[in-house]
Each structure stands twice: as structure tokens, then as C-alpha cells.
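# Working through the structure, step by step
Letter by letter, the chains look like this.
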Amino acid sequence: MWKSFLLIAFFFAIGNANECVPRSFGTNRIVCVCNSTYCDGLPEDRPEVPQDGSSYWYVSDREGRRLELSTVEFGACQNLLCETFITVDSTKRYQKVLGFGGAFTDSAGINIKSLSKATQQRLLRSYYDPKTGSKYSIGRIPIAGTDFSTRPYTYDDYYDDTLLKYFSLAIEDYEYKIPYATQAKNLNPEMIFFSEAWSAPAWMKTNNQINGAGGFLKKEYYQLWADYILRFLHEYKRNGLNIWAVTTGNEPFDTYILNDPLTNMGWTPETMAEWVANNLGPTLADSIFNNTLIMALDDQRFNLPWYIKRVFNNKKAEKYISGTATHWYADDLIPAFVLDQTHNDFPDKFLMMTEACEGFDSTPEEKVILGSWERGEKYMLSIIEYLNNWYVGWIDWNIALDDKGGPNWISNNVDSPIIVNATSDEFYKQPMYYALKHFSRFIDRGSVRLSVTDTDTVKSTAFLTPSNEVVVVLYNSNQHSKLVVLEDLQKGRVCLELSPLSMNTFKYKLY
């Protein structure tokens, strides 16, 4: 049967200019190795899209392909007994995409800095180069320390400094965050940054600690905390980085977890709304940062839609808030329909996934599993799910970690799409890296989601770019090849054989 497919649909391989240098860490555990002189990437010397009547086809799979490039022709597939039909309808359109990216944590900066200058550049280009790299366009920059720091700290740990006289950026900002965020911006001028704090200084909180349960902002410091955020924005601007948005703070629900060592600060929906309405919102509006957006929540999606509804009961707060930020750590417990519900309740507020990582619930020995295809698959399926439920972006956590998944001052180590080996001056691109690149490299800012069908075993999402190109991403979760007809109702049909457990991106001209 597949031979007749090949006779009808003309198909040929182009190949990558810089192909993956594979290294195996076990069965189906392949990474691509990069160093100071070589790194895989998309070819620079080819058109962005093929000639009309054909589509580029990029494939990554468990067997070791990594964004392998081919061309497939639109053709007549009507009479084939195909197993699966995927239909794209570009007349039905939904949200616009803002972008994809990762976080400039202290730990990421420490690991990048451990490499030679030449290898650092290879790593940063892998993420931010618009031609050969992932074309990341959003960066997350924490306000002061996180668990992915080597110590707990804020920007004003001087007790009762109500004038913020001792406020200052930390050495970590100058060594590990600002330099690499600046280089990313230089590589891709479309980069935008958002920020949030994990905690106010301990002396501003009800538990007088930077972490631990029951730590809420004292009401007498509501305005001072808004002023603190404003000072951060000024300091980063002075260092050449404008912050596009801030959130109301990282994971406020962590403060309800007993014995949790994570740095945190709690909000109820009502106190969050009160602070935004009376302090943060007006403070930004009356400053040179009056175009800086505010995202609410920045926590798990089990808070949707009820938490946001209670925040937006405060109409003054709703006026200042542009979007809702969520993380992915409880997604297995909460179905995706809550995302649709939140969009339907507040269609003028955007939704963004602002933190994801693998290894967070693993044993210390499996915090990093080099070459894990299963972790790449989770990224791929999560991004499809969020995009198909109104989200405008999907942001990874640390952009680079070491082979233990750190450093992390509370030993909360996790995995990362890129793992650094400073001893050999090289880094490893994992399947998670390629899962994200299948989207970020091809779905430009301003792309509009299109109607697309999928099945239980072949998941899909589709977009129309500002350049009038269609991008379709498919994941074949079967352990065997899958015969598929991809039909664009405005373009025609393409006949495909998707390899087992494969990520597939198609890009073609609409007209």
C-alpha cells in the first residue's frame, strides 16, 4: 500500500546543513552534542518555504532523527485507503501567538558561564538565532532569587528598610542574567522579557521568612512592594533591558504547603486583586512603565477559572491585568477544558503557560535523564494542548542546567532541554529541545491558530503566519508508522508516512 503512496506523492530529502552529532545514553536515549566548533542547526542557505505546490517537512523521532528536512508535494490521494485524515481549515481562525522561550535563572547563567566563550555562543545561538536556532522570542527573568540560585536572597534584605535605601540588584543579575538576556536580545531583536518575584524580603512578610508556610505580604507594605517592583524595572532598563510584563508573583499557593522549602509568597484572590488595583496597577500606570503589562496568578491550572473569576470580581484590578499565567505541574490532574472556560469567561485577557520542566517529581538519580524521548514527548503534547486551548505562548523553565539538574540551593533539581558538561566544554541538546523547536522556529509572533482535526494517536495544531504561510505540527504517538493524509481545504492533500513516535512540522505557502 505504501508503495502506491510514494508513486502518487513525490517525496525527496534535502538534509540539514548541520546535522546532529548523536551520543547515546541508553536505548532510545539520544542527545545531540555541541561544542566550540560545531553544533547542529537548520540550514541558512535555503528559502524559508518551498515553491508553491509543495511543503517542507521536518521530522524528529525516537530513532534519532532531529529536524530532518524533506520536501513533500501536494497531490491526489483521494483513493488511498489511509488510516488517518488530518484536515486544516484556514478560514476558521482563533488566537494570535505571542511566542515561545525559557528562563534566565541564576543556575542557567552559572552553567552557560562555565563554558568557553565560543561554546557559550553556540548554546545561545541554538536558542535565539532566528535562522538556525529555535528562534525563541520570550525570556523569563526572575526578580531576585529562586530555588535555582545558590543562595536565598532578595534585592533588599536590610530589615525595615521602608525607604528602599539599600535596594540593589544582586551580583547574580550582573553575572548570570543580564549578560545572557542581552545576548539573546542581540541575536533576536524580537525578544521580549517578563519577570516575577518569588518572595518579598522576609521582613515584609507575615512569617518573617523568605520561604515556608504562611508567608503573606503584610498590608502595610503593599505600596512598598509595588515600589520595589518599579525599582527593579528601572534598574533593568538602566542595564539595557526593558521588561514587557510582570506577573503578580510565582506560585502563591506554595505558601499553603507545610514544610515546602521553596521560596514563596502567598496571595488570596482578593488580596491579589486589592494589591493590583490599589498599588501595582496605579504605580506602573503613573510611571514611565505604563506600557508594562500585568499577568495574574502564575500558578497551576487547578486555579482556573475560579481563582481568576474572584480576582476579576475587583473591576479595578481587572482593568490593570492583561492576562493570566499558569504552570504545568498539576496538568495530569486537571483537564484542559478549564483553559477554554477561562478564555470564554474573559476573552479579552490572554493566557500564557509560563513554566514547565521535567524531573521535578523524580528520584535524585533521575532528575536528569539524558536523551529521554518520553520527556520530549510530554513537551510536544503539552504545547499542542495549550495552543489548541487559547494559549498565546509556552515558556520553558531553565534554559540550561548541569548533569545533576542544578545548581539549586534546596536540591530541587530538574531536567532541562540543554544540559551542560563544563568538563568537556560541550552541551547536549535533548529531545525536549527539539520538541520546542518544532514550534518556536516556525510559528512566528502574530501567527493565528487555524482549525485542525486530530485523533487520539496523532495530535495536531496549525497556524497561519504573518507571511501567509501555514505551519502544521503533528505528533505520532504510535509505536508503529502511521499513514496519514494531511488535507488543507484551501490547498490540497499531502500523503505521508509518519515514523513511530515522531514529531512532524510542515510549512507551506497558503496561496
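Refer to the structure above for everything that follows.
No experiment lies behind these values; they were computed from the predicted model shown.

### A look at the overall build of the protein
A count of helical and extended segments in the protein gives 11 helices and 23 strands. In terms of overall dimensions, the protein is globule-like: its C-alpha atoms have a radius of gyration of 23 Å, near the 24 Å expected for 511 residues. In terms of its C-alpha atoms, the protein occupies a principal-axis envelope of roughly 75 × 50 × 40 Å. Looking at the protein residue by residue over its 511 residues, the buried ones come to 62%. Within the protein, contacts between residues at least 6 apart in sequence are counted, and of these 75% link residues at least 24 apart. Accessible surface, the protein: about 18,800 Å² in total, of which carbon and sulfur atoms supply 51%.

### Brief notes about the pattern of salt bridges
Under the criterion given, the structure shown has 30 salt bridges. We note a salt bridge from Asp403 to Lys404, for which the minimum N-O separation is 3.6 Å. Salt bridges sharing common partners tie together Glu48, Lys131, Arg441, Glu469 and Lys507.

### A closer look at the state of the cysteines
Each disulfide consists of one covalent bond between the sulfur atoms belonging to two cysteines. Across all of its chains, the model carries 2 disulfides by this definition. Here Cys20 engages in a disulfide with Cys32; their sulfurs sit 2.1 Å apart. Because the sign of the S-S torsion sets the handedness, a value of about -105° for the bond joining Cys20 and Cys32 places this disulfide among the left-handed ones. Here Cys32 lies in strand 3 (residues 30-34) and Cys20 lies in the loop between strand 1 (11-13) and strand 2 (22-24), a separation of 12 residues in the sequence. Like Cys32, Cys20 is buried. With its sulfur 2.0 Å from that of its partner, Cys34 forms a disulfide with Cys39. Measuring handedness by torsion sign, the sulfur bridge of Cys34 and Cys39 sits at about 60° and is right-handed. We classify Cys39 as buried; its relative accessible area is 7%.

### Some points on the pairing of strand 6 (residues 84-96)
Bridge count between strand 6 and strand 21 (residues 482-488): 5 bridges; the pairing is parallel. Following the sheet pairing, Phe85 is matched in strand 21 by Val485. As paired strands, strand 6 and strand 18 (residues 448-452) are joined by 4 bridges and run antiparallel to one another. If you follow Lys96 over to strand 18, its bridge partner there is Val448.

### Concerning the sheet that holds strand 9 (residues 192-197)
A barrel is described by the order of its strands in space; here 8 strands give the closed sequence 7-8-9-10-11-12-13-14, paired in parallel fashion. When strand polarity is set aside, the average angle formed by the axes of neighbouring strands in this sheet is 25°. The pairing of strand 7 (residues 99-103) with strand 14 (residues 391-398) spans 4 bridges and is classified as parallel. Within strand 14, the residue paired with Phe100 across the bridge is Trp394. Along the sheet, helix 6 (residues 269-285) contacts strand 10 (245-247) and strand 11 (293-300); its crossing angle with strand 11, the most-contacted strand, is approximately 150°.

### Regarding the side chain of Asp129
Structurally, Asp129 is set in the loop between helix 3 (117-128) and strand 8 (138-143). At a separation of 2.7 Å, a polar atom in the side chain of Asp129 contacts the side chain of Arg125.

### Describing the environment of Lys165
Among the secondary structure elements, Lys165 is positioned in the loop between strand 8 and helix 4 (171-187). Spatially, the C-alpha atom of Lys165 lies 55 Å from that of Asn28, the residues being 137 residues apart in sequence.

### Observations regarding the sheet that holds strand 17 (residues 426-429)
Sheet architecture is open: 5 strands sit in the order 2-3-17-16-15, paired in mixed fashion. Across the chains shown, the open sheet's two edge strands, defined by having one partner strand only, are strand 2 and strand 15 (401-402). Two strands pair when backbone bridges link them, and strand 16 (residues 418-421) and strand 17 are joined in this way by 4 bridges, in the antiparallel orientation. Within the sheet, the bridge partner assigned to Ile418 lies in strand 17 and is Lys429. The sheet strands contacting helix 11 (residues 431-440) are strand 3, strand 16 and strand 17, and the helix crosses strand 17 at an angle near 60°.

The rules behind each value
- Along each chain, residue indices are assigned from 1 in the same order as the chain's sequence is written.
- At least 70 in pLDDT is required for a residue's local features to be given in this predicted model, at least 80 for side-chain atom pairs to be given and counted, and no such filter applies to totals for whole chains, interfaces and linings, which use all residues.
- Water and hydrogen atoms play no part in the side-chain values, which are based on all heavy atoms of the structure.
- Think of it this way: any DSSP run of H or I at least four residues long counts as a helix, any run of E at least two long counts as a strand, and we number them from the N terminus.
- The globule rule used here is 2.2 Å times the number of residues to the 0.38 power, and the radius of gyration it is set against is calculated over C-alpha atoms.
- With a 1.4 Å probe rolled over the protein chains alone, any residue whose accessible area is under 20% of its type maximum counts as buried; one over 50% counts as exposed, and the rest are partly exposed.
- By definition, residues are in contact when any of their heavy atoms lie within 4.5 Å.
- Note on areas: Shrake-Rupley with a 1.4 Å probe; residue coverage comes only from the protein chains shown.
- Here, a salt bridge means any Lys or Arg side-chain nitrogen found within 4 Å of an Asp or Glu carboxyl oxygen.
- Disulfide: a pair of cysteine sulfur atoms within 2.5 Å of each other.
- Following DSSP output, two strands are said to pair if at least two bridges run between them.
- To get an axis, fit a line to the C-alpha atoms, keeping to the stretch in contact for a helix; angles then go from 0 to 180 degrees between the N-to-C directions.
- Whenever a nitrogen or oxygen atom comes within 3.5 Å of another N or O atom, the pair is scored as a polar contact, on the condition that within protein one atom can donate a hydrogen and the other can accept it, and that pairs from neighbouring residues in sequence are kept only if both atoms are in side chains.

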